[in-house]
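Chains, contacts and geometry: an overview
Each chain, written out:
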Amino acid sequence: MSKVVPFKARGVRAELREAFEQRIVLRIRRERLHPGAIHGYVVALSRDFCLIAEIGDMLRFDGYVAIAIADISTLEVDPSREFVEKALALRGEKLTVPADFRLDDWASIARSAMTCAPLIAVNMVEDDEGEISYVGQLSAVEAEALVLRELDPNAQWYPDTGAYEYEALGSIGFGNGYLDALWQVAGAPVGPQAPRAPASERLH
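Since the model is a prediction, treat every value here as computed from it, not as a measurement. (Residues numbered from 1 in each chain as written. Predicted model: local features only at pLDDT ≥ 70, side-chain atom pairs only at ≥ 80, totals over all residues. Heavy atoms only, no water.)

**Overview of the packing of aromatic side chains**
Formally: Stacked, edge-to-face and tilted are the three classes for Phe, Tyr and Trp ring pairs, Trp counted by its six-membered ring, which pair at centre distances within 6.5 Å; planes under 30 degrees apart are stacked, over 60 edge-to-face, the rest tilted. Under the scheme used here, helices are H or I runs from DSSP no shorter than 4 residues and strands are E runs no shorter than 2 residues, and both carry numbers assigned from the N terminus. Burial status follows relative accessibility: with a 1.4 Å probe on protein chains alone, a residue under 20% of its type maximum counts as buried, one over 50% as exposed, and anything between as partly exposed.
For the structure shown, the criterion picks out five aromatic pairs. Ring geometry for Y41 versus F61: centroids 6.1 Å apart, planes at 50 degrees, classification tilted. Of the two residues, Y41 sits in strand 3 (residues 37-45) while F61 sits in strand 5 (residues 61-68), which places them 20 residues apart along the sequence. Residue classification places F61 among the partly exposed residues on the basis of a relative accessible area of 21%. Relative to W106, the ring of F49 has its centre 4.8 Å away and its plane inclined at 70 degrees; by these criteria the two rings are edge-to-face. Taken together, the residues F49 in strand 4 (residues 49-55) and W106 in helix 3 (residues 106-116) connect sequence positions 57 residues apart. Each of the two residues, F49 as well as W106, counts as buried. Taken together, the ring pairs in this structure connect Y64, F101 and F174 into an aromatic cluster.

**Re the side chain of N123**
Heads up, the rule is: Nitrogen and oxygen atoms within 3.5 Å of one another constitute a polar contact, given that in protein one can donate a hydrogen and the other can accept it, and given that sequence-neighbouring residues count only through two side-chain atoms. Any two residues whose heavy atoms approach within 4.5 Å are treated as being in contact.
With respect to the secondary-structure elements, N123 resides in strand 7 (residues 120-126). Look at N123 and you get buried, because its relative accessible area is 11%. Within the structure, N123 has its side chain in polar contact with the side chain of S171 (distance 2.9 Å). Among residues more than four places away in sequence, those in contact with N123 are E131, I132, S133, A168, L169, G170, S171, I172 and G173.

**As for the pairing of strand 4**
Consecutive side chains of a regular strand alternate in pointing toward one face of the sheet and then the other. Using the following cut-off: A pair of strands is considered paired only if DSSP assigns at least 2 bridges between the two.
Burial runs high along strand 4: six of the seven residues are buried. For strand 3 and strand 4, the ladder comprises five bridges, and the chain directions are antiparallel. Bridging across to strand 4, V42 finds its partner in I52. Counting the residues that bridge the hairpin from strand 3 to strand 4 gives three residues. The pairing of strand 4 with strand 5 spans six bridges and is antiparallel. Paired with F49 across the two strands is A68, which belongs to strand 5. Linkage of strand 4 to strand 5, two consecutive antiparallel strands, is achieved through a turn of five residues, within which L59 is found at a positive phi near 55 degrees.

So, in structure tokens, the structure goes:
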């Protein structure tokens with residue numbers, strides 16, 4: 001049975017905690033940031049953030065995304081939960097939980113993600129377009145921003161780095177099929193790195 005939970009009606013953290021402890025597959029919406037839903041299992045939880053093991057449209061696990069709990073507008077138990085669980089089991093899909101994943105803040109999330117995968121997607125919030133994704137490797141962590149050595153959509157490394165400010169961050173993803181394909185084509189970056197304008201300046 002579908003159970004839609006309005007934001008803060010019972011407490012989103014309490015619902016996430018229940019889903020985390022009981023391994024309940026969810027659909028999570030962040031209407032301010034993205035028109036679609038995040039589909040998957042909560043595999044880590046802190047006061048301000050949660051980590052979701054995503055289930056793709058082909059009903060296979062497809063990486064992870066860390067989001068801020070404050071951005072959640074609604075969440076619900078997947079109305080097709082029984083079917084999804086059986087399909088994953090029959091396909092041999094195993095839920096994997098990243099070890100020692102830190103969810104203290106965006107900096108710790110980015111660092112933890114880089115220990116799990118060669119690339120991360122830093123998804124920045126732009127008022128008119130929602131989230132815009134920047135893919136690459138974490139180069140440095142600054143007081144107000146993540147510094148990323150970035151790839152373009154054709155798997156070409158930019159020669160410089162970009163700073164992505166925490167206040168405009170919507171989510172951080174890693175370990176999905178698209179990022180894996182980019183890494184396979186691009187390989188490790190080479191060449192010098194020079195600083196680029198902050199993401200906020202580049203988006204406006």
